[in-house]
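# Breakdown of the fold
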Amino acid sequence: CPWGPKAFAGFLGETKSAWKQYDATYLAKDYDGPKLEILLDQGDVDPYYMDKQLLPENLQTVCAGNKLINLNYRKQAGYDHGYFFIMTFLEDHFNFFAKYIC
């Protein structure tokens with residue numbers, strides 16, 4: 001069972017149109033608020049990514065078409081979806097978020 005539809009159905013119900021309000025790609029497509037910066041790291045050997053269950057390129061395409069969103073998408077070679085991926089890039093994300101909350 002694909003991870004995304006199973007998770008969305010489990011948390012949000014079977015009505016797929018209701019899922020859009022929680023999907024980053026749909027939210028970015030319609031975003032019209034203040035300028036927004038997003039940092040996204042994706043491991044290139046992540047099994048969910050390789051099985052096309054994670055689709056960061058869709059978000060990248062939508063963000064490129066929205067002048068209000070600056071997406072910094074970093075595909076990380078040799079990383080999967082696990083602990084070492086998270087621990088390797090966590091400090092970058094803490095520093096990124098600190099620019100906006102401190």
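Computed from a predicted structure; not experimentally measured. (Residues numbered from 1 in each chain as written. Predicted model: local features only at pLDDT ≥ 70, side-chain atom pairs only at ≥ 80, totals over all residues. Heavy atoms only, no water.)

We now examine the overall build of the chain. Scanning the chain from terminus to terminus reveals six helices and two strands. Considering only C-alpha atoms, the chain reaches an extent of 35 × 35 × 25 Å along its principal axes. Partitioning the contacts of the chain with sequence separation of at least 6, the portion at a separation of at least 24 is 66%. Here the chain displays about 7500 Å² of accessible surface, and carbon together with sulfur accounts for 59% of that area. For the chain, the distance from the average site of its 10 positive side-chain charges to the average site of its 13 negative ones is 7 Å. (Helix = DSSP H or I, 4+ residues; strand = E, 2+ residues; numbered from the N terminus. Contact = heavy atoms within 4.5 Å. Areas by Shrake-Rupley, 256 points an atom, 1.4 Å probe, with all protein chains shown as cover. Lys, Arg positive; Asp, Glu negative; His and termini not counted. Charge placed at Lys NZ, Arg CZ, Asp CG, Glu CD.)

A word on the nonpolar core. In this structure, Ala28, Tyr49, Leu59, Val62, Cys63, Ile69, Leu71 and Tyr73 together form the largest nonpolar core, which totals eight residues. Every element with two or more residues in this core is listed here: helix H5 (56-64) and strand E2 (69-76). (Core = buried A, V, L, I, M, F, W, Y, C linked by side-chain atoms within 4.5 Å. Buried < 20%, exposed > 50% of the residue type's maximum accessible area, 1.4 Å probe, protein only.)

Turning our eyes to something else, we now look at a nonpolar patch on the surface. A surface patch of nonpolar side chains, about 480 Å² in accessible area, is lined by Tyr83, Phe84, Ile86 and Met87. Mapped onto the elements, phenylalanine 84 comes out in helix H6 (residues 83-101). In this structure phenylalanine 84 comes out as exposed when scored by relative accessible area, which is 63%. (Patch = residues over 30% accessible without salt bridge, like charges linked within 9 Å, V, L, I, M, F, W, Y side chains within 5 Å. Salt bridge = Lys/Arg side-chain N within 4 Å of Asp/Glu carboxyl O.)

Attention now moves to unusual backbone geometry. Although it is not a glycine, lysine 52 adopts a positive phi angle of roughly 65 degrees. By secondary structure assignment, the location of lysine 52 is in the loop between helix H4 (47-50) and H5. Taking the relative accessible area as the measure of exposure, lysine 52 reaches 62% and is therefore exposed.

Moving on to the pattern of salt bridges. Throughout the structure, instances matching the rule amount to three salt bridges. The partner of aspartate 41 in a salt bridge is arginine 74, with the nearest N and O atoms 2.7 Å apart. Of this pair, aspartate 41 sits in strand E1 (residues 36-43) while arginine 74 sits in strand E2, placing them 33 residues apart in sequence. For aspartate 41, a relative accessible area of 10% puts it in the buried group. Measuring nitrogen to oxygen at the nearest pair gives 3.1 Å for the salt bridge that ties glutamate 57 to lysine 75.

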